[in-house]
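Summary of structural features
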Amino acid sequence: MAVPFLSSSLHLTATSPILFTKVTTPIIHRTTCTTPTKPRFHLLRRSAAAGTAVVDQTEGGGGEVFINPEEEKRVEVADYDWREEWYPLYLTKNVPEDAPLGLTVFDSQIVLYKDGEGTFRCYEDRCPHRLAKLSEGQLIDGRLECLYHGWQFEGDGKCVKIPQLPASAKIPKAACVKTYEVKDSQGVVWVWMSTKTPPNPEKLPWFEHFARPSFFDISTTHELPYDHSILLENLMDPAHVPISHDRTDFTAKREDAQPLVFEVTERTNRGFAGTWGKEKDGGKGSMLLRFDAPCVLQYNREFEGKDGVKNYFSALFLCRPTGQGKSMIISRFGVTKRSPLVSVFPQWYWHQNACKIFEQDMGFLSSQNEVLMKEKVPTKDLYLNLKSSDTWVSEYRKWMDKVGHGMPYYFGHRTISLPKVPPVVEHAPAGIIAALSASYPAKGGIGTMHAPNLANRYFRHIIHCRSCSKAIKSFELWKNILSATAVVLATLAILVVSRQWKAVLLGSAALCSAAAYGCLRAIELNTNNFIRTHRRL
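All figures in this text were calculated on a predicted structure; none of them were measured in a lab. (Residues numbered from 1 in each chain as written. Predicted model: local features only at pLDDT ≥ 70, side-chain atom pairs only at ≥ 80, totals over all residues. Heavy atoms only, no water.)

Points about the overall build of the chain
Helix and strand counts for the chain stand at 10 helices and 19 strands. Per-residue burial for the chain yields a buried fraction of 48% across its 537 residues. Contacts in the chain between residues at least 24 apart in sequence constitute 62% of all its contacts with a sequence separation of at least 6. Accessible surface computed for the chain: about 26900 Å², of which carbon and sulfur atoms make up 56%. (Helix = DSSP H or I, 4+ residues; strand = E, 2+ residues; numbered from the N terminus. Buried < 20%, exposed > 50% of the residue type's maximum accessible area, 1.4 Å probe, protein only. Contact = heavy atoms within 4.5 Å. Areas by Shrake-Rupley, 256 points an atom, 1.4 Å probe, with all protein chains shown as cover.)

Rendered as C-alpha cells:
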C-alpha cells in the first residue's frame, strides 16, 4: 500500500531515537533465481534448527538472505481475548444521521446508529423477536425499529414498543438486545466487543500527531475482499511499493526497488515497533513503524522545514476484521505542513487515488487469501521471507503465534487455527445495498457500479464516504442539466435565422456538451476500477 498523497514525506529525515539492538541486514548478492523445491527448503530449515546460521549451498538455496524460519525453539503464548479490545468501526463524519449502519467484527454482526440526542448506540444486529437484522430497520424519533414487526429499541437496548402486544400487557424484559460500548475518539467511532468485561479506557488508541492543532489529514474508508491479517501484511511491506504502485505518484518508481534495512526496537505481547530505511543510505532518515493490538498500524516521522520548525507526518491504518476473507480499513494520512497541491485538488480526487492504490494490490492479495485457506499450514511453510524486505511481515505472524489462540481464527508464523464456521455469504442484501443495486447501471470494472461486490469500487468505498457520494450526485445532476441545456441550445440554433445567433447558440451547446462530458469523466474516475494496462481489453 503506497502513501497516496503525502508519499513525499517518506523521504524526510527522522529525529526519533533508536531504543534497542539493531537487527542487521546483510547485503544481498543476487544470482540466477530458481524456485526452491520443498525438500531443499526443508533441508535449509533443519540445518538452521541446529542453532547455527547455515548458508544453503544447494541449488535454489536462500542462504542468509532469508529470515531464519526456525530461530525460535518454541512458540511463546500470551493471554489474549479478542473481545477485550477496541475496534475501529467508522469515521465519525460518515455515520448516517437517519439510518442504522450494519457492521461486523470478525464474525460478530453489530448495528451502529445515532439516537435522538446524537449519541452513538451499538447493538447486536438481530431482533430478539425473530432474529431479523436491525440494520435493515429504520430510525423513528431516535429509536431503532425492526422493519419486520415494528419492535422499537432505545438507549441501553430496552424494547419500548411492540405494536402486536395487547394494551394491557407489559413489554417482557427478555425483549431486549445485547449492547456494546462505543466511543467517538479523534474522528473515529470505536467499539468494545466484550459484554462481560468492562471497557478498558487504557486500551483505547490515542494518536499524538492527530491531536496537534495544526495537523491536517485526509481519511478514507475501504471495504476489502481479503483477511485483515493479509491487509496488515501488505501495509507493513514498504518493499512492494515501487513495483505494485509504480508511477501512481512521483515517489513510487519500480527502478527504486532495493534492499531495505530494518531495526526492531520493541516487542511486547501487544505488538512491536521499529524503523526501516534504504540499505544504500545506511538506514538514515528511517521511518518509524508501530503495530498495536488488535489491528492498528502507524508510520510516523518528524522533520524540520527550511524555517527550522519541526513538522510531523503520520500514516495511520485502522484495520478491522469483518469476517472470513473480508476486512475494512480506515486509512488516514496527515501532516502539520501540507503541500499546496492538497488544497488545489478536491477531496474526492485524493479518495479515488487511494481507491486506485488498493485496487493495484487487490488481485494478488485476494489470491494470497485463497492459498492460505487452501493449504491449511502456517506461513513459515509457505513464505520465503527476505531479511531485506519482509521483517515486519515475519514479526507480525510471530505476534499472531502469541495471541492467535484468543482469536476466532488466525494464520501465524508457526501455528494456525482455521475458521470453525463457514463464512456467511449474503446473496441478496437488503437496505441501502438493495436500493443501490436496483439503481441504474454504470461501469465499475467488475459488474455494474452498484453491484454488491467487494471488487467494485462503488460498493467498496463510495457508499462508506459521504463526501464522495455527494460529489457523484452533484456530477450526475450537473451532467443531466448540461446535457439537457446543450440539446435545447442546439434546437434553438436550428430554429433561429440569424447566422450570428446560430454561431452563439451552437458554441454554447458545444461548451455545455463538453462540460457534461467532463462530469461524466469525473463520475467514471470515481467509480471505475483501476485496471493495469496489460490487462485491459
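Moving on, there is more to tell.
Describing the packing of helix α9 (residues 466-495) against helix α10 (residues 499-527)
Here α9 crosses α10 at 160°, and the two axes come no closer than 8 Å. Here α9 lies roughly antiparallel to α10, going by the angle between them. By crossing handedness, the relation of α9 to α10 is classed as left-handed. (Axes fitted to C-alpha atoms, helices over the stretch in contact; angles between N-to-C directions. Parallel < 35°, antiparallel > 145°, perpendicular 65-115°, else oblique. Left-handed = near helix turned anticlockwise from the far one by under 90°.)

Comments concerning the confidence of the model for the chain
Detail in the predicted coordinates should be disregarded across regions flagged by low pLDDT. Taken over all residues, the pLDDT of the chain has a mean of 82, while the share at 70 or more is 80%. This stretch, residues 2-60, has a pLDDT under 50; its non-local contacts, to residues over four places away or in other chains, come to 107 contacts. (pLDDT = per-residue confidence, 0-100.)

Some thoughts on the environment of L372
Relative to the helices and strands, L372 resides in helix α5 (residues 347-375). Between the C-alpha atom of L372 and that of L382, which follows or precedes it by 10 residues, the distance is 8.5 Å. With sequence-adjacent residues up to four places away left out, L372 is seen in contact with I230, T379, L382, Y383, R397 and F411.

Remarks on the pattern of salt bridges
A full pass over the atoms with the stated rule returns 21 salt bridges. A salt bridge links D292 to R290, with the nearest nitrogen and oxygen atoms 3.6 Å apart. A salt bridge links R521 to E524; the nearest nitrogen and oxygen atoms lie 2.7 Å apart. Taken together, the residues span about one helical turn, with R521 and E524 both in helix α10 at a distance of three residues. Residue classification places R521 among the partly exposed positions, given a relative accessible area of 45%. By relative accessible area, which is 23% here, E524 ends up partly exposed. Here the salt bridges do not stand alone but share partners, grouping E85, K203 and R270 into one network. (Salt bridge = Lys/Arg side-chain N within 4 Å of Asp/Glu carboxyl O.)

What about the UniProt feature "transmembrane region" (unreviewed entry) in the chain?
The UniProt record marks residues 477-497 and 504-523 with the feature "transmembrane region" (unreviewed entry), using the residue numbering of this structure. Secondary structure within residues 477-497 divides into 90% helix and 0% strand; the distance between the first and last C-alpha atoms comes to 32 Å. (UniProt positions renumbered as here; feature names shortened; annotations may be inferred.)

Some points on the packing of aromatic side chains
Under the defined criterion, the tally for this structure stands at 22 aromatic pairs. Here the aromatic rings of Y87 and F106 are separated by 6.4 Å at their centres, their planes lie at 80°, and the arrangement is edge-to-face. Here Y87, found in strand β1 (residues 86-91), pairs with F106, found in the loop between β2 (101-105) and β3 (108-114); they are 19 residues apart in sequence, far enough to count as distant. Where F345 meets Y349, the ring centres are 4.6 Å apart and the plane angle is 20°; that geometry is what we call stacked. Residue class for F345 comes out partly exposed when judged on its relative accessible area of 34%. We classify Y349 as partly exposed; its relative accessible area is 26%. Ring pairs connect the aromatic residues Y80, F262, F272, F291, W392, Y396 and W399, which therefore count as one cluster. The ring of Y312 carries R212 above its face, with NZ or CZ at 3.6 Å from the centroid. (Phe/Tyr/Trp six-rings, centres within 6.5 Å; stacked < 30°, edge-to-face > 60°. Lys NZ or Arg CZ within 6 Å of the ring centre and 35° of its normal.)

Observations concerning α5
Its 29 residues place the ends of α5 42 Å apart at the C-alpha level, agreeing with the 42 Å of an ideal helix rising 1.5 Å per residue. Positioned one or two residues after α5, K376 has a phi angle of 60°, which is positive. (Expected span 1.5 Å × (residues − 1).)

Let's talk about the sheet that holds β1
An order of β1-β10-β9 is seen for the three strands of this open sheet, with the pairing classed as antiparallel. The open sheet has two free edges, formed respectively by β1 and β9 (181-185), since each of these has just one partner strand. Neighbour-to-neighbour, the strand axes of this sheet turn through a mean angle of 30°, independent of strand direction. Across five bridges, the pairing between β1 and strand β10 (residues 188-192) is antiparallel. Considered in β10, the bridge of L91 is made with V188. (Pairing = 2+ DSSP bridges.)

Considering α10
Here α10 spans 42 Å end to end across 29 residues, near enough to the 42 Å set by a 1.5 Å rise per residue. Listing the buried residues of α10 in full gives L505, A509, C512, A516, C519, A522, I523, N526 and T527. Looking at the buried side of α10, the elements it contacts are α5, α8 (457-460) and α9.

Side note on the sheet that holds strand β6 (residues 143-145)
A sheet is described by the order of its strands in space; here four strands give the open sequence β5-β6-β7-β8, paired in antiparallel fashion. Looking at the sheet topology across the chains shown, the edges are occupied by β5 (138-140) and β8 (158-161). Each strand of the sheet is rotated relative to its neighbour by a mean of 40°, with strand direction disregarded. Strand direction decides the pairing type here: β5 and β6, joined by three bridges, are antiparallel. Of the residues in β6, the one forming a bridge with I140 is R143.

Concerning the pairing of strand β17 (residues 327-335)
Among the nine residues that make up β17, nine are buried, leaving the element largely enclosed by the rest of the structure. Where burial is concerned, the two faces of β17 agree: the one with S327, I329, S331, F333 and V335 and the one with M328, I330, R332 and G334 are both buried. For strand β11 (residues 216-224) and β17, the ladder comprises nine bridges, and the chain directions are antiparallel. Paired with T221 across the strands is I330, a residue of β17. Here nine bridges tie strand β16 (residues 310-321) to β17, and the two strands are oriented antiparallel to one another. Each residue of the ladder has a partner; that of A315, found in β17, is F333. Count of turn residues in the β16/β17 antiparallel hairpin: five residues, of which G323 carries a positive phi of about 120°.

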